[in-house]
Amino acid sequence: MNVSSGLAPILDELRRKFRSQIESAEISSVGEVYIQIDPITLSGLCAHLYRKFHARLTGVFSEDCREGDGCFYIRYVFAIAPAHGYVVVRTRIAPGKPEFISLTTAVPAVNWQEREIQDMFGLKAIGHPNPHRVALHDDWPDVHPLLKDFDLRTKLPPFQGERHHFREVEGEGVFQVPVGPVHAGIIEPGHFLFSVAGEPVLYLQIRLFYTHKGIEKLFESMPATHGVFLAESISGDSSFSHSTAFCQALERAGGMEVPMAARLIRTLLLELERIYNHVADIGAIATDVAFVVANAHAMQLKELILQLNDRLAGNRLLRGMNRIGGVRRGLETGQIQDLRDVMDSLRGRFDMLVDLIFSSMSTLDRLENTGVLTPQTAGDLGVVGVAGRASGIDLDVRRDHPYAAYDGLKFRVPVYTAGDVLHRLKVRVDEVCESISIIGQAVEQLSIKHASMARGDVVAHWKILPPGQCALGFVEGWRGEILHWVRTAENNRLERCKIKDPSLQNWPALSEAIQGNIIPDFPVVNKSFNLSYSGTDR
Amino acid sequence: MFKILRQSFNAGVVTTDYPAKPVETSPIFRGRPVFDFSRWKDARPAAEICPTSAIEVKDDSDARMVTVDYGKCIFCGLCADASPEKAIRISRECELAVQNRADLVIQAKYKLNRDGCQDHLIEICKTPSISASAVEVAGKRFKEEIAHILGRSLHIREVDAGSCNGCEIEIVNLTGPVYDIERFGIHFVASPRHADMLLVTGPVTRNMELALRKTYEATPDPRLVVAVGACGCSGGIFGENYASLGGVDKVIPVDVYIPGCPPCPQALLHGILLAVQRLQQKLIKSRGRSV
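From a predicted model like this one, the values you see are computed outputs, not experimental measurements.

To continue, consider the overall build of chain A. Helices and strands together make up the secondary structure of chain A, namely 17 helices and 15 strands. Against the globule reference of 24 Å for 538 residues, chain A gives a C-alpha radius of gyration of 23 Å, in line with a compact fold. Referenced to the eigenvectors of the C-alpha coordinate spread, the extents of chain A come out at roughly 70 × 65 × 50 Å. The 538 residues of chain A split such that 56% are buried. Considering only contacts within chain A whose residues lie at least 6 apart along the sequence, 67% involve residues at least 24 apart.

Set out below in structure tokens:
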């Protein structure tokens, strides 16, 4: 556990500056700062954290605590990279006045999250520049699913068709091109409305949440041990990252000490998940500019890792490996050697794949200066992960807020500023190389220090999760920062589980990156972000 | 150009021999849990630990009905850990597709002890499913059947009706060089209007219901629907809730169910193969003659 001492001076400073406006403040046992303040002070505190401590507002969500505390809370999660810690600020919302002050105008990064609070809790975001529904589609009845008095199994009237009013884009020769929700490829559903004049895209409106499955509500209905499997199904391509974030949140809430061997195994598997997804994306980007041969090679490498996953975890997507407290089984000597051998083989074959792509001038020509996301826009929208690092956002949870075994491993975080498809590809290429190196280091540590790993050595023993505990779980998934925030209830259940997939943060950036590009380049631009619909919609 | 050719030449043939040869999964692959019902003394711990209620227990005075539903199973393997008498074994079987939803369900009736444990097995109620040999024969005739019925090609439109995208990962793998579904004359197409089969994933969310119906209506007859994964078969871990309808057959008729979370590429191939058989039956029925 990373109890960060860097937060204590920050809390002292905030106490000095905001004095009586701070209603309560404490550092939790796992080193997260929890502050409750008067809603009026919120924007001032937010600005202060930004300016003075380089904080990043990474999550905004609500909680229905009417039963216990007689109010709603809105929570704001600030990541403070220099202090390697998180500050969670909450404000009380009285049920008689169900509204909160919107921060979107100052911090556009929270646009969708504030609107989601409106949809899910019926709290109004005062001053929001575009307060329309985002999570619940326009035809939904007037329900707010995350309210405690809304029953999970409520039967709603059947879907009658989208009645969403898109923004009008007018002018001579302007056409609208609607696409989806069922797409042409084997991908997830969502609706894109392109406004075009000739070939270039003037404006792209993105309508998501077609795959909304009630996941956050479901977490409140099942034992936390079942929740691990639900976490694996938030976004299938990030099964292991999401389940790790979920387990870590509960381990922190329960004050568990996860054995080092389990942390090393998680690290290995997280990197394998990164590799198979990055390799697949590299191939898919090549396909989208018609370099299909490169994709055939990439898919072989992806299969190489998926089969390795099966041999290490019994499942090709690494499902069923995580558990609260550690992992379900250790790795045998034979499996570790297998992992080493595959990495040795991958290294050479991956270099050849990269060489193939980078020596194809016609491919590079299509990728360079395509779908540019400027560092300025990326910063304003709070873009994270691969897309952020290609646009100058130097952020990596593994380095800034170490978890699992990353504290003791050496790796480089690639950052570029060009922000085009080519550089999102380059970030992936660099990261695959770093992942192979991380795996090498973790395997060394695992085989030196933890040669014998009986079942007991890979899981912390626990029986009861203390109720009423709050904690964050954070993971740098292959796409970017994944956050889970939990508040525990009695009987190993959850009062609230907030999920934030990096996709939610990054979707609006796609609208910006595509502007001025031609529609035929949309698939490759979209692929270079490769955002999860399911992770966004939950 | 030379580099491209050399690399392809060096790669050689990478395509799997499946279905001519059996599936090769790892020794620890978690496939179908196999139940030794007569040995099972207490089903309650397994039912309690199962995240998707694929194992359910219903007691009626001194009798107990245990229901096992492979359509709900996510193959986590927890049930095997919850049976100290070793009545549950996690096998490596993955070819689990069936034509009838009921074929995925097994029920076992027990006489109960006073302490709530199972005294002895009374009977096992299970519909006989497609035998392994039938599928093997189908595998050999697969290519000819497609050639015969559909003029050498089966066109599939994939529809994600709210999946977590896990099933999509494996479906995409079917199109790669290793599983290479095109070797059977099967193609994934961009529009339902070109499709013979809809391969549907996800529990069908409320927001995708209409899109799924419209896609189905746009697919010309005779059409096949294959429900993929625990979610497609039953709603999986999402089940039925305000946003999830709980399975593809809640919305459109389904011809074949492929369990798995997600099903591995071979399991998908096996299910698609079963569906082609089903198509033949459909054609006989609708045209009144053999094809």
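Bringing the interface of chain B and chain A into the picture now. Contacts between the two partners involve 53 residues from chain B, matched on the other side by 51 residues from chain A. Looking at the side of chain B that touches chain A, the elements that each hand over two or more residues are helix H1 (2-11), strand S7 (154-160), helix H5 (166-174) and helix H6 (209-218) of chain B. In terms of residue count, the dominant contributor to the side of chain B that touches chain A is H5 of chain B (six residues). Residue composition of the side of chain B that touches chain A, by class: 28 nonpolar, 17 polar and eight charged.

As a further point, take the pairing of strand S2 (residues 32-37) of chain A. Residues and elements named next belong to chain A. Pairing between strand S1 (residues 22-27) and S2: five bridges, direction antiparallel. Bridge pairing in S2 places isoleucine 22 opposite isoleucine 37. Count of turn residues in the S1/S2 antiparallel hairpin: four residues, of which glycine 31 carries a positive phi of about 80°. For S2 and strand S5 (residues 85-93), the ladder comprises six bridges, and the chain directions are parallel. The residue bridging isoleucine 35 from the neighbouring strand is valine 89, located in S5.

Another aspect to go through is the domain arrangement of chain A. Residues and elements named next belong to chain A. Once the domains are mapped, chain A shows domain 1 (7-126) and domain 2 (215-321 + 331-537). Spacing between the C-alpha centres of domain 1 and domain 2 amounts to 27 Å. Tallying the contact residues gives 19 residues for domain 1 and 19 residues for domain 2. Considering every element that reaches the side of domain 1 that touches domain 2, the biggest residue donor is strand S3 (residues 56-65), with five residues. Classifying every residue of the side of domain 1 that touches domain 2 by side-chain character gives ten nonpolar, six polar and three charged.

Criteria and thresholds
Residues numbered from 1 in each chain as written. Chains lettered and ligands numbered in written order. Predicted model: local features only at pLDDT ≥ 70, side-chain atom pairs only at ≥ 80, totals over all residues. Helix = DSSP H or I, 4+ residues; strand = E, 2+ residues; numbered from the N terminus. Rg over C-alpha atoms; globule rule 2.2 N^0.38 Å. Buried ≥ 20, exposed ≤ 12 C-beta atoms within 10 Å, placed from the backbone. Contact = placed C-beta atoms within 7 Å. Nonpolar A, V, L, I, M, F, W, Y, C, P; charged D, E, K, R; others polar. Pairing = 2+ DSSP bridges. Domains from an automatic or database assignment.

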